[in-house]
Amino acid sequence: MSFRRIWLIGCGNMASAMLRRWLDCGLDPAHVTVVRPSGAPVAPGVRVVRDVPDEPAPELLLIGVKPQMLGDVAPGLQAASTGIVLSILAGTKLTSLRAHFPEAGSIVRAMPNLPVALGKGVVATVSDAPIAPDLARLLDQLGLVEHVPDETLFDAVTALAGSGPAFAYRFVDALAKGGAALGLDPAQASRLALATVGGALALARGDGTPPGELAERVASKGGSTREGLNVLDTGLDDLVAECLAAATRRNAELGG
Ligand SMILES: NC(=O)C1=CN([C@@H]2O[C@H](COP(=O)(O)OP(=O)(O)OC[C@H]3O[C@@H](n4cnc5c(N)ncnc54)[C@H](O)[C@@H]3O)[C@@H](O)[C@H]2O)C=CC1
Ligand SMILES: O=C(O)[C@@H]1CCC=N1
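My aim in this report is to walk through the structure given alongside it, one point at a time. Because the structure is predicted, anything quoted here is derived from the model rather than measured.

Our next topic: the overall build of the protein. Broken down by element type, the protein carries ten helices and eight strands. By principal-axis analysis of the C-alpha atoms, the protein measures approximately 70 × 40 × 30 Å. By residue count, 37% of the 256 residues in the protein fall in the buried class. Pairs at least 24 residues apart make up 51% of the contacts formed inside the protein by residues separated by at least 6 positions. Within the structure as shown, the protein displays about 13,900 Å² of accessible surface, and the carbon and sulfur contribution to it stands at 60%.

What follows is the structure, given as structure tokens:
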């Protein structure tokens, strides 16, 4: 058995990445309804409507709008939210979700990231009831699923994993810009940076060796990598810690 009625409220960057993966994994598009103000098509076979349908509630209601929109959309979703409510909203706590959806059978907070589109994402979860097997199966299709039962850590998880791809892309860009500043053709530097970081991560994932140890393997004694690492080691850890702290603070603010 799997869900036959899934509604997505909002289908922007994040929810559409999740849906793309689920459809690629064989989810029947006829089981999906997207509610979005534009009414613009999402994927072949997926029903798109502008307003919440006056129909029996779906088994799974995914809330994919911005956290600031929750108060606007929730009142129109009371009849639709008697099954599982799955929220991907940054910052918004289970207690707040429960207040907005008092009739929900269960409420699950998930914090995905964009690579879920390829099944290579991360999804952190916390919920007010055990996660139903059908939902667990869907989440598993997205990538690494980590249950984070202490909800007070969710803002930090959101900073690390939810926002993390943006931080990683910044590093790739910095690598490319650094290469261009040294005279490389910018387009070529971008290709080199992306392929280098992609390859390095693939190796780290496949190898099981901690990334710090892999870095040491690249740095020959007395060689040039060490010179470069010495520069990064003057401040990268602190800068990234500040970056995550700032994002974590903002997640807490978004939660109200
Ligand atoms: N973008 C990301 O990488 C991640 C985003 N999130 C969370 O996902 C949620 C959505 O973020 P994004 O997809 O980035 O934003 P987005 O702006 O791309 O998508 C939000 C969508 O909601 C739609 N919308 C607005 N009002 C609506 C209404 N009344 N009914 C139905 N749909 C409505 C908008 O048209 C838009 O398509 C946020 O709560 C965010 O915290 C979580 C993890 C990662
Ligand atoms: O920037 C945001 O608010 C969301 C949360 C995690 C990724 N995007």
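Okay, back to it.
With six of seven residues buried, strand E7 (residues 121-127) is to be regarded as a mostly interior element. Two elements, strand E6 (residues 106-111) and E7, share four bridges in a ladder whose sense is antiparallel. In the strand pairing of E7, Arg 109 is matched with Val 126. Bridge count for E7 against strand E8 (residues 143-147) is five bridges, and the pairing is parallel. Each bridged residue has a counterpart across the sheet, and for Thr 125 the counterpart in E8 is His 147. In this view, the connection linking E7 to its parallel neighbour E8 by way of helix H4 (residues 133-140) has right-handed handedness.

Our next topic: the site of ligand 2. Contacts to ligand 2 come from Ala 90, Thr 158, Gly 162 and Ser 163. Isolated, ligand 2 exposes 250 Å² of accessible area, and the fraction of that covered by the protein chains is 51%.

With that settled, the discussion passes to the site of ligand 1. Around ligand 1 lies a shell of 18 residues, among which Asn 13, Met 14, Val 65, Ile 88 and Ala 90 are the nearest. Between a nitrogen atom of ligand 1 and a main-chain N or O atom of Gly 10, the distance comes to 3.4 Å. Residue Ala 90 places a main-chain N or O atom 3.0 Å away from an oxygen atom belonging to ligand 1. Of the residues belonging to the shell around ligand 1, the class tally is 13 nonpolar, four polar and one charged.

One can find Ala 174 in helix H6 (residues 164-181). The partly exposed category is assigned to Ala 174, whose relative accessible area is 46%. Through-space distance from the C-alpha of Ala 174 to that of Ala 193 is 8.7 Å; in sequence the pair is 19 residues apart.

Here helix H5 (residues 154-162) crosses helix H10 (residues 236-254) at 130°, and the two axes come no closer than 8 Å. Judged by the angle between their axes, H5 and H10 are oblique. In the crossing of H5 with H10, the sense of the turn from one axis to the other is right-handed. On H10, the residues touching Asp 155, Ala 156, Thr 158, Ala 159 and Leu 160 of H5 are Leu 244, Ala 247, Thr 248, Asn 251 and Ala 252.

The rules we used
- Residues numbered from 1 in each chain as written.
- Chains lettered and ligands numbered in written order.
- Predicted model: local features only at pLDDT ≥ 70, side-chain atom pairs only at ≥ 80, totals over all residues.
- Heavy atoms only, no water.
- Helix = DSSP H or I, 4+ residues; strand = E, 2+ residues; numbered from the N terminus.
- Buried < 20%, exposed > 50% of the residue type's maximum accessible area, 1.4 Å probe, protein only.
- Contact = heavy atoms within 4.5 Å.
- Areas by Shrake-Rupley, 256 points an atom, 1.4 Å probe, with all protein chains shown as cover.
- Pairing = 2+ DSSP bridges.
- Right-handed = clockwise from strand over helix to strand, strands pointing away.
- Near = heavy atom within 4 Å.
- Polar contact = N/O pair within 3.5 Å; in protein donor to acceptor, adjacent residues only side chain to side chain.
- Nonpolar A, V, L, I, M, F, W, Y, C, P; charged D, E, K, R; others polar.
- Axes fitted to C-alpha atoms, helices over the stretch in contact; angles between N-to-C directions.
- Parallel < 35°, antiparallel > 145°, perpendicular 65-115°, else oblique.
- Left-handed = near helix turned anticlockwise from the far one by under 90°.

Note that every value here comes from positions in space, so none of it alone points to a role or purpose.
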